Amino acid sequence: MTPARAAALAAPLALPLALLALWALAAAQIASPLFPGPGKVLMAAVQNFWIILDQMGATLRRVLIGFVLAAATMVPLGILLGRVRLLGWLFEPVIDMLATLPPPAIVPLVMLFAGTGDAAKVTMIAFAAAIPILINTFEASKVRNAMTSLVARSLHLTRWETMLRVDLPAATPMILTGVRMAVAAALLVSVTSEILLATDGIGVFLQRQQENFQIAGGLAGILAIALTGLAVNTAILRIEKGVLFWHYRNDGQS
Amino acid sequence: MQDGPILEARDLRKAFGAGAGRTTILDGISFSVREGDFVAVVGPSGCGKTTLLMALAGLQPADAGEVRFRGRQVLSPPQGLALVFQDYSRSLFPWKTALRNVTFAMRGPQGRAAKAARAEELLHAVGLGDALHKYPWQLSGGMQQRVAIARGLASESDLLLLDEPLAAVDAQTRADMQDLILDLAQRFRQTCLLVTHDVDEAVYMADKVVVLSKRPTRVATEITVGLGKARDQIATREHPDYLHARHEVLARIRAFRQPVAP
Amino acid sequence: MTAALRLRGLVSLLFVLLVWETVSRLGIVPSRYFPGLAEIAAGAAEMIRNGELLAAEAMTLGRAVAGLVLATLIGIALAVLSDVSPFFERGFRTLTGLLQPIPPAAIVPLAIFGFGLGLKLYIFIIVMVTIWGPYLNGVAALRAVPVEQILNGRMMRMTPAQILWHIKLPAALPEIFAGIRYAAAVSLIAVVVSEMIAGRDGIGYLLVRKSFSIRIPETYALMFVTMVNGVLLAMLVNLGRRLLTGWHVKQMGYPA
Ligand SMILES: Nc1ncnc2c1ncn2[C@@H]1O[C@H](COP(=O)(O)OP(=O)(O)OP(=O)(O)O)[C@@H](O)[C@H]1O
Ligand SMILES: [Mg+2]
């Protein structure tokens, strides 16, 4: 390996490693259980590995169900609002208003209706995920490319064919952006609801660690969330690039 | 200082890329500009005219050879040298009005009001007296280029470098702008080095034409145009001296053959 | 915003209120869970009268604005650093990928240890989750400044610092503001969720307390307040945008 290549490989890791070393040094200086170093966090992560995995699984299961519910209902609804002029005209400001509502703010409300069980949490998550998907689907299906519409007509496609084979693909990049925002919102609401309405999930794990002054364990839990988030984001980006190869090839940027 | 050339390029060389993809762009360019002259450098598209200007301005040094401005070697942009870029739409600041774009180039100690007055005068001179407070994106391409020229003049440089200032405007505007630039150069006693890919434009505007070859680029020939300072779109273009110079340039471009490498 | 758009917003709002009131009156859903508008307004009025709403509102908005301002400044500073040093940019990209997906709720329990329950806690959490918008947009925008503009600065013999201040930052500002607008929404989310979890004061706390004590009209009223807060914060950002990049706002409205 040439030195230049080594430097190029080191660049992404050098700064994080330097910060890690700084953290370790500071922790060794302070030597307090309330300020654990990276070694302690790693140990806590190993110790709690199965618990974290288990709790994370509970969280992700709800996120997945809530998200699927939201996507399955909001994509058609968004297309409907985007297509039927009057509905769109009437509901756009409502949607804009809902967009300004911080997703976790629905947790207390849904709790009133549905209690604190699994179904209630899934509802909250679905609601939070619904809004970005609805907005982006709506916006994407509102604008229709005049050129592709003409082409569709010249090919004698029916309305349904046009919608399915021309308009929907054209709308996917924006819808997928909504999907990415929805996943973030879903994860946030899931963790929030777990902390507030403790039963199980990674949020509960974090809360327990705090109550027992297990800072290292708490940091291990956050690390697990960070890695999960990174993995989910990377996966969505992969799927996006796979589904939307034409989009990325077209103009090089999203 | 009065005798020597104001700008001198000696054997400038420049190549881009590495390994097999390495291409020589400038292959030993030498010429000079005297104070008060209007010099045109003409060369085909992509021959390295912008690259050459970058080296002359001290923005991007050549690989070999040297540039001297007022007798001093140019290693970074020297005082007294200004440059009007080829792509005016990218070089004007969209957050400043025409007037502010011009005053921005005045780095001297004079006060705000004096700068504004001078900028106004220059914008009037380029025919933009009624667009002082317009933003670049509210102006047409030709108007934007005139703002860029006014800005070039505003820095009160000893030498103004112009990189294909008229390449992107229509033919009619182009003719008007040629006369405008000549008029301004005379009025403000501005020494100019204008780069263009248009032989007619070069001969029409310049006292001296430096003709570049295709890549790898060398000076194919230098021609002095004996037309005096006063030019006219119709009369000059029919003048025997103009036709002669134009013929000369075209003939030498055709005759110039790249010597085959041994 | 044009008059037509405003009118539509009004029509739409009236429509929602009408539907709400009708549903409530018809008793399709138990009115206990779906109180009428008058009842919600009364709930809000009561909270205003005893002072808890305004006190909480001041807390929440103050935290959101302070955190947003600080996060923006840090984000821009980091973007400048990334622009100067590609090495830093590359390393920070790794950190961004790791830190950006962490939801604010997850940080709150531990952050309470480090920062207590005061303003510091909120500032820390907001900064952790909102710098990414200004930072990422800033990096992209600084990179996209036309090279001609920078060379112009060099021809004027400006120092790198002058070029940064007079040319690169103004050029990058419109895109940075797009990041700030996004960050403003995130900042409000972070404050509300932190208040919900930290449980001492602010709109988020009030919301949890009212709903846990089954004060349903008040809960609706508070949700409406959080929406209004989103609008207020967006307006504030827009004001800053007009003030600092008024030229760009005009340019967007100018037919090319
Ligand atoms: N930074 C660079 N890296 C690699 N190649 C470059 C670079 N800058 C210029 N070139 C190449 O050098 C050649 C000359 O470019 P230059 O812009 O100087 O030409 P030009 O004569 O100004 O062309 P035009 O008339 O189109 O403005 C081109 O082939 C270009 O691709
Ligand atoms: Mg060029």
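One can find the structure itself at the top, above this paragraph.
Here's what I pulled together on the structure shown here. (Residues numbered from 1 in each chain as written. Chains lettered and ligands numbered in written order. Predicted model: local features only at pLDDT ≥ 70, side-chain atom pairs only at ≥ 80, totals over all residues. Heavy atoms only, no water.)

### Overview of the overall build of chain A
Check the secondary structure of chain A and you find eleven helices and zero strands. Seen through its C-alpha atoms, chain A measures out along the principal axes to roughly 75 × 60 × 30 Å. For chain A, buried positions account for 45% of its 254 residues. Considering only contacts in chain A between residues 6 or more positions apart, those separated by 24 or more positions represent 74%. A distance of 7 Å separates the average location of the 17 positive side-chain charges in chain A from that of its 12 negative side-chain charges. (Helix = DSSP H or I, 4+ residues; strand = E, 2+ residues; numbered from the N terminus. Buried < 20%, exposed > 50% of the residue type's maximum accessible area, 1.4 Å probe, protein only. Contact = heavy atoms within 4.5 Å. Lys, Arg positive; Asp, Glu negative; His and termini not counted. Charge placed at Lys NZ, Arg CZ, Asp CG, Glu CD.)

### Description of the overall build of chain B
Each helix and strand in chain B was counted, giving nine helices and ten strands. For 262 residues, the compact-globule formula gives about 18 Å, and the C-alpha radius of gyration of chain B, at 19 Å, lands near that figure. The dimensions of chain B, computed from C-alpha atoms along their principal axes, are 60 × 45 × 40 Å. Every one of the 262 residues in chain B was classed for burial, and the buried ones make up 52%. Across chain B, the fraction of contacts at a sequence separation of at least 24, relative to all contacts at a separation of at least 6, is 69%. On chain B, roughly 11,900 Å² of surface is accessible, and the fraction owed to carbon and sulfur atoms is 49%. For chain B, the distance from the average site of its 33 positive side-chain charges to the average site of its 29 negative ones is 6 Å. (Rg over C-alpha atoms; globule rule 2.2 N^0.38 Å. Areas by Shrake-Rupley, 256 points an atom, 1.4 Å probe, with all protein chains shown as cover.)

### Quick notes on the arrangement of the chains
Where the two pairs of chains in contact are concerned, the greatest contact count is recorded for chains A and C. A gap remains between chain A and chain B, with no contact made and the closest C-alpha atoms lying 15 Å from each other.

### Re the interface of chain B and chain C
Each partner contributes to the interface: chain B provides 25 residues, whereas chain C provides 20 residues. Carbon and sulfur atoms supply 65% of the area buried between chain B and chain C, which totals about 2,300 Å² over both sides. The three residues of chain B that bury the most area against chain C are Arg90(B), Trp95(B) and Trp137(B), which together make up 32% of that side's buried surface. A salt bridge links Glu148(C) to Arg90(B); the shortest N-O distance between them is 3.1 Å. Counting across the interface, chain B meets chain C through six residue pairs in polar contact (both at pLDDT 80 or more). Among the elements of the structure, helix 1 (49-57), strand 6 (81-84) and helix 2 (88-91) of chain B are those that each provide at least two residues to the side of chain B that touches chain C. (Buried area = accessible area lost by both parts, 1.4 Å probe. Salt bridge = Lys/Arg side-chain N within 4 Å of Asp/Glu carboxyl O. Polar contact = N/O pair within 3.5 Å; in protein donor to acceptor, adjacent residues only side chain to side chain.)

### Let's talk about the sheet that holds strand 8 (residues 191-196) of chain B
All names here are of chain B. If you walk across this open sheet you meet the six strands as 6-7-8-3-9-10, and the pairing is mixed. Only two strands of the sheet have a single partner each, and these edge strands are strand 6 and strand 10 (219-224). Each adjacent strand pair in this sheet contributes to an overall mean axis angle of 15°, direction not counted. Taken together, the five bridges between strand 7 (residues 159-163) and strand 8 define a ladder with parallel strand orientation. Residue Asp 163 lies in a different strand from strand 8, and its bridge partner there is Val 195. Contacting strand 3 (38-42), strand 7 and strand 8, helix 6 (residues 171-187) runs over the sheet at an angle of about 140° to strand 3. (Pairing = 2+ DSSP bridges. Axes fitted to C-alpha atoms, helices over the stretch in contact; angles between N-to-C directions.)

### Description of the packing of helix 4 (residues 86-99) of chain C against helix 7 (residues 132-143) of chain C
Residues and elements named next belong to chain C. Running from N to C, helix 4 and helix 7 cross one another at 150°; their axes reach a closest spacing of 12 Å. Seen along the crossing, helix 4 lies across helix 7 with a hand that is left-handed. Where helix 4 approaches helix 7, its residues Glu 89, Phe 92, Thr 96 and Leu 99 are matched on the opposing element by Trp 132, Tyr 135, Leu 136, Val 139 and Arg 143. A class-by-class count of the residues in the contact of helix 4 with helix 7 yields six nonpolar, one polar and two charged. (Left-handed = near helix turned anticlockwise from the far one by under 90°. Nonpolar A, V, L, I, M, F, W, Y, C, P; charged D, E, K, R; others polar.)

### Describing the pairing of strand 6 of chain B
All names here are of chain B. Going residue by residue along strand 6, you find Leu 81 and Leu 83 tucked away on one face and Ala 82 and Val 84 tucked away on the opposite face as well. Bridge analysis of strand 6 against strand 7 gives four bridges, and the strand direction is parallel. Bridging across to strand 7, Val 84 finds its partner in Leu 162.

### Concerning the coordination of the magnesium ion (ligand 2)
All names here are of chain B. Donor atoms from the polypeptide that bind the magnesium ion (ligand 2) are Thr 50 (OG1) and Gln 86 (OE1), placed at 1.9 to 2.3 Å. Placement of Thr 50 in helix 1 and of Gln 86 in the loop between strand 6 and helix 2 is noted, with a sequence separation of 36 residues between them. Taking the relative accessible area as the measure of exposure, Gln 86 reaches 33% and is therefore partly exposed. (Donors = N, O, S within 2.8 Å, 3.2 Å for Na, K, Ca; no water.)

### Topic: the pattern of salt bridges
Residues and elements named next belong to chain B. All chains considered together, the criterion is met by 39 salt bridges over all chains. When the shortest N-O distance is used, the salt bridge between Arg 218 and Asp 27 registers 2.9 Å. Of this pair, Arg 218 sits in the loop between strand 9 (208-212) and strand 10 while Asp 27 sits in strand 2 (residues 23-33), placing them 191 residues apart in sequence. Among the ionic pairs, Arg 90 bridges to Asp 87, the shortest N-O distance being 3.7 Å.

### Quick notes on the pairing of strand 2 of chain B
Residue and element names in this part refer to chain B. Alignment of strand 1 (residues 7-16) against strand 2, held across eight bridges, turns out to be antiparallel. Note that in strand 2 the partner of Ala 15 across the bridge is Thr 24. Hairpin geometry of strand 1 and strand 2 is characterised by an intervening segment of six residues between the two adjacent antiparallel strands and by a positive phi of about 85° at Gly 17.

### Re the interface of chain C and chain A
On the side of chain A, 50 residues touch chain C, which itself brings 47 residues to the contact. Summing both partners gives a buried area of about 4,400 Å² for chain C against chain A, and 85% of it is carried by carbon and sulfur. Per-residue buried area on chain C facing chain A is highest for Arg8(C), Leu110(C) and Phe113(C); these three make up 15% of the total on that side. Where chain C packs against chain A, one counts zero salt bridges. On the surface where chain C and chain A come into contact, there are three residue pairs in polar contact (both at pLDDT 80 or more). For the side of chain C that touches chain A, the secondary-structure elements that each account for two or more residues are helix 1 (3-26), helix 4, helix 5 (104-115), helix 9 (160-198), helix 10 (203-212) and helix 11 (216-252) of chain C. Ranked by residue count, the leading element in the side of chain C that touches chain A is helix 4 of chain C, at nine residues. Its residues placed into classes, the side of chain C that touches chain A shows 36 nonpolar, nine polar and two charged.

### Looking at the site of ligand 1
Residues and elements named next belong to chain B. Inspection of the region around ligand 1 gives Phe 16, Ile 25, Ser 45, Gly 46, Cys 47, Gly 48, Lys 49, Thr 50, Thr 51, Gln 86, Glu 164 and Arg 215 as its neighbouring residues. Between an oxygen atom of ligand 1 and a side-chain N or O atom of Ser 45, the distance comes to 3.1 Å. The separation between an oxygen atom of ligand 1 and a polar main-chain atom of Lys 49 is 2.8 Å. Protein contacts shield 60% of the accessible area of ligand 1, which totals 640 Å² for the unbound molecule. The element contributing the most residues to the shell around ligand 1 is helix 1, with three residues. Across the shell around ligand 1, the residue classes break down as three nonpolar, six polar and three charged. (Near = heavy atom within 4 Å.)

### Focus on the nonpolar core
In terms of nonpolar packing, the biggest core is built from 123 residues, with Met124(A), Ile225(A) and Phe92(C) touching the most fellow members. Tallying contributions element by element places helix 9 of chain C first for this core, with 18 residues. Non-local contacts of Met124(A), meaning those with residues more than four positions away in its chain, are made with Ile106(A), Val107(A), Val110(A), Met111(A), Gly115(A), Val189(A), Ser193(A) and Leu197(A). If you look at the next biggest cluster of nonpolar residues, it comprises 64 residues, including Leu92(B), Trp95(B), Leu132(B) and Ala220(B). (Core = buried A, V, L, I, M, F, W, Y, C linked by side-chain atoms within 4.5 Å.)

### Topic: the side chain of Lys14(B)
Residue and element names in this part refer to chain B. Among the secondary structure elements, Lys 14 is positioned in strand 1. A distance of 3.0 Å separates a polar side-chain atom of Lys 14 from the backbone oxygen of Pro 61. Beyond its immediate stretch of four places on either side in the chain, Lys 14 contacts Thr 24, Ile 25, Leu 26, Thr 51, Gln 60, Pro 61, Ala 62 and Asp 63.

### Examining the sheet that holds strand 5 (residues 72-73) of chain B
All names here are of chain B. Reading across from one edge, 2-1-4-5 is the order of the four strands in this open sheet, with antiparallel pairing throughout. Unpaired on one side and paired on the other, strand 2 and strand 5 mark the two borders of the sheet. Relative to strand 5, strand 4 (residues 64-69) is paired through two bridges, and the arrangement is antiparallel. Across the sheet, Phe 69 pairs through a bridge with Arg 72, a residue of strand 5.

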